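Residue-level listing of the chains:
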Amino acid sequence: MEVLVSRKEHFNAAHKLYNPTWSDEKNKEVFGPCANENWHGHNFELIVTVIGTPDPETGFVIDLKKLSTLIRAEVTDKVDHKNLNLDVDFMQGKMASSEVLATEIWKILEPQIPVVSKTGRLHSVKLYETPRNFVEILA
Ligand code: NI
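Residues numbered from 1 in each chain as written. Predicted model: local features only at pLDDT ≥ 70, side-chain atom pairs only at ≥ 80, totals over all residues. Heavy atoms only, no water.

Participant: I'm lost on the overall build of the chain in this one. Help?
Facilitator: The secondary structure content of the chain amounts to 4 helices and 5 strands. Helices and strands in the chain line up, N terminus first, as β-α-β-α-β-α-α-β-β. Seen through its principal axes, the chain has C-alpha atoms that stretch 60 × 25 × 25 Å. Residues counted as buried form 41% of the 139 residues belonging to the chain. Working note: accessible area of the chain is about 8100 Å², and carbon and sulfur atoms make up 53% of it. Here the chain contributes 16 positive and 20 negative side-chain charges, whose respective centroids are spaced 3 Å apart. (Helix = DSSP H or I, 4+ residues; strand = E, 2+ residues; numbered from the N terminus. Buried < 20%, exposed > 50% of the residue type's maximum accessible area, 1.4 Å probe, protein only. Areas by Shrake-Rupley, 256 points an atom, 1.4 Å probe, with all protein chains shown as cover. Lys, Arg positive; Asp, Glu negative; His and termini not counted. Charge placed at Lys NZ, Arg CZ, Asp CG, Glu CD.)

Okay, here's the thing in structure tokens:
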């Protein structure tokens, strides 16, 4: 039987939604206050879920301490207290939406899960931009 195991991490980051190929007027029309030139911030919650069969020796699908260390080293340390548009290497040249950020987080974590888990694989990345607005990527 496969089991879903999740770890939640937290980070704060600034961004703006702005398409440089559009006029300022069009950016304001499409993105509203999220296009605010001088940035705005969010308290993000990131939930990473791994699916797999528990290892008979440990009873674990994945050691959650190792998953936490992985998420921090590869993702949250790189985005926490940063500007997503300016400071984050894996977001360079991309729209700083939660959809795009979650996609990039998936690409970073997916190949790393087998390094810390014998049977686990990445099942989902869920990213809360606010308590009410969140995106999810499923395998
Ligand atoms: Ni925003």
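Participant: Explain the coordination of the nickel ion here, please?
Facilitator: Coordination angles at a metal have ideal targets, namely 109.5 degrees for four tetrahedral donors and 90 or 180 degrees for six octahedral donors. Of the protein atoms, only H15 (NE2), H40 (NE2) and H42 (NE2) coordinate the nickel ion, at distances of 2.0 to 2.1 Å. Read from N- to C-terminus, the donor residues coordinating the nickel ion fall into the pattern H-x24-H-x1-H. Note that H15 is positioned in strand β1 (residues 3-15) and H40 in strand β2 (residues 40-52), a separation of 25 residues in sequence. (Donors = N, O, S within 2.8 Å, 3.2 Å for Na, K, Ca; no water.)

Participant: Is there a simple way to explain the side chain of S68 in this structure?
Facilitator: Counting through the fold element by element, S68 comes out in helix α2 (residues 64-79). Leaving out residues up to four positions away in the same chain, S68 has contacts with R7 and E9. (Contact = heavy atoms within 4.5 Å.)

Participant: How should I be thinking about the pairing of strand β4 (residues 121-128) in this particular structure?
Facilitator: Every other side chain in a regular strand lies on the same face of the sheet, so the side chains alternate between the two faces. Relative to β4, β2 is paired through 7 bridges, and the arrangement is antiparallel. Pairing of V48 across the sheet is with V125, part of β4. The turn joining β4 and strand β5 (residues 134-138), which pair antiparallel and follow one another in sequence, is formed by 5 residues. (Pairing = 2+ DSSP bridges.)

No statement about biological role is implied by the geometric values presented.
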